[in-house]
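Residues per chain, in single letters:
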Amino acid sequence: MAGTLGGSLLTQRASERARRREIELVRDHEEVSESLALRRTCYVELNRDARQFTTAISQFLHVMQERRVEEADRAELDEAKRTHRDTYSQAQLIVPDDVLSCASAVNKALNRVYGQVKRLDREEPKPGETIAGAFSAQAEVWELLKVLRTLMRRDLGVASASDDAPARLPAQLTDPRS
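What this report covers is the structure whose coordinates are included nearby. Please read all numbers here as calculations on a predicted model, not as lab measurements.

## Digging into the side chain of S58
- With respect to the helices, strands and loops of the structure, S58 is situated in helix α1 (residues 2-66).
- When near neighbours in sequence (up to four residues on either side) are disregarded, S58 contacts F135 and Q138.

Laid out in C-alpha cells, this is it:
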C-alpha cells in the first residue's frame, strides 16, 4: 500500500514539474515572439523614417537649385528630421548592438548632411560646402540604408541568399572622429 501511495505521489510531482516546464516554455516562446514583433515594428519605422528623411533632404536640395526656398519647404525638412529622431531614439532602446551601430552611422550621416543643407540654406556654408557636395553626401546615405536594411532583415530571419554578402559600413563612417 505504501508503494502504491508513494508511486502516485511521485507521478503527481513529475506531472506538476512537467506542467511547470511547459508553462515556462510557453512563456519563453511568447517573450521571444513579442521581442521579435517589437523589433520588426521598430525596424519598419526606422527604415521608413530614415528613407523619408533622406528623401526630404534630396527634395530640399532640388528646391534650392530650382527656386527660392519657402518656409513650407523648411518645415517639411524639419518634420522629417524630427520624425527620424524620434524613431531612432526608440531604436536605441530596442535593437541589438550590430544593428544599432549601423543605425547610428545612418543617423550621423543624415545629421551631417542636414547641417550642411541648413548652412547652405542660410548662405553660411563651411569652406568647401556646396549643393553638389550635399547631393553627393546625401546619395551616400542610400548606401548606408542598404546596409542597415540588410542587418535588420538578418536579425528578423528574413534575409534571402542575395543578402548573404557581408554588411559592412564604409570605413569613414566607423571612425569615431567622423
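## Side note on the pattern of salt bridges
- Across all of its chains, the model carries 12 salt bridges by this definition.
- In this structure, R67 and E70 form a salt bridge, with 3.9 Å as the shortest nitrogen-oxygen distance.
- Judged by its relative accessible area of 39%, R67 is partly exposed.
- When the shortest N-O distance is used, the salt bridge between K118 and D78 registers 3.4 Å. In this pair, K118 is assigned in helix α3 (residues 97-121) and D78 in helix α2 (residues 71-91), connecting sequence segments 40 residues apart. With respect to class, K118 is no different from D78; both count as buried.
- One continuous salt-bridge network, built from bridges that share partners, spans R67, E70 and D73.

## What to know about unusual backbone geometry
- Phi angles above zero are rare outside glycine, and E123 is one such case at about 60°.
- Inspection of the secondary structure assignment puts E123 in the loop between α3 and α4 (131-156).
- Look at E123 and you get exposed, because its relative accessible area is 70%.

## Regarding α4
- The end-to-end C-alpha distance of α4 is 38 Å, a good match for the 38 Å that 26 residues give at a rise of 1.5 Å each.
- Among the residues of α4, A134, F135, Q138, V141, L144, L145, V147, L148, T150, L151, M152 and L156 are the ones counted as buried.
- Looking at the residues trailing α4, positive phi occurs at G157, about 80°.

## Description of the packing of α2 against α3
- Between α2 and α3, the shortest axis-to-axis distance is 11 Å and the interhelical angle comes to 160°. Between α2 and α3, the angle falls in the class roughly antiparallel. As for the relative orientation of α2 and α3, their crossing is left-handed in sense. Of α3, the residues touching α2 (which contributes R74, L77, D78, K81, H84, Y88 and A91) are L100, A103, S104, N107, L110, N111, Y114, V117, K118 and D121.
- Taken together, the residues that form the contact of α2 with α3 break down as 8 nonpolar, 4 polar and 5 charged.

What counts as what
- Residues numbered from 1 in each chain as written.
- Predicted model: local features only at pLDDT ≥ 70, side-chain atom pairs only at ≥ 80, totals over all residues.
- Heavy atoms only, no water.
- Helix = DSSP H or I, 4+ residues; strand = E, 2+ residues; numbered from the N terminus.
- Contact = heavy atoms within 4.5 Å.
- Salt bridge = Lys/Arg side-chain N within 4 Å of Asp/Glu carboxyl O.
- Buried < 20%, exposed > 50% of the residue type's maximum accessible area, 1.4 Å probe, protein only.
- Expected span 1.5 Å × (residues − 1).
- Axes fitted to C-alpha atoms, helices over the stretch in contact; angles between N-to-C directions.
- Parallel < 35°, antiparallel > 145°, perpendicular 65-115°, else oblique.
- Left-handed = near helix turned anticlockwise from the far one by under 90°.
- Nonpolar A, V, L, I, M, F, W, Y, C, P; charged D, E, K, R; others polar.

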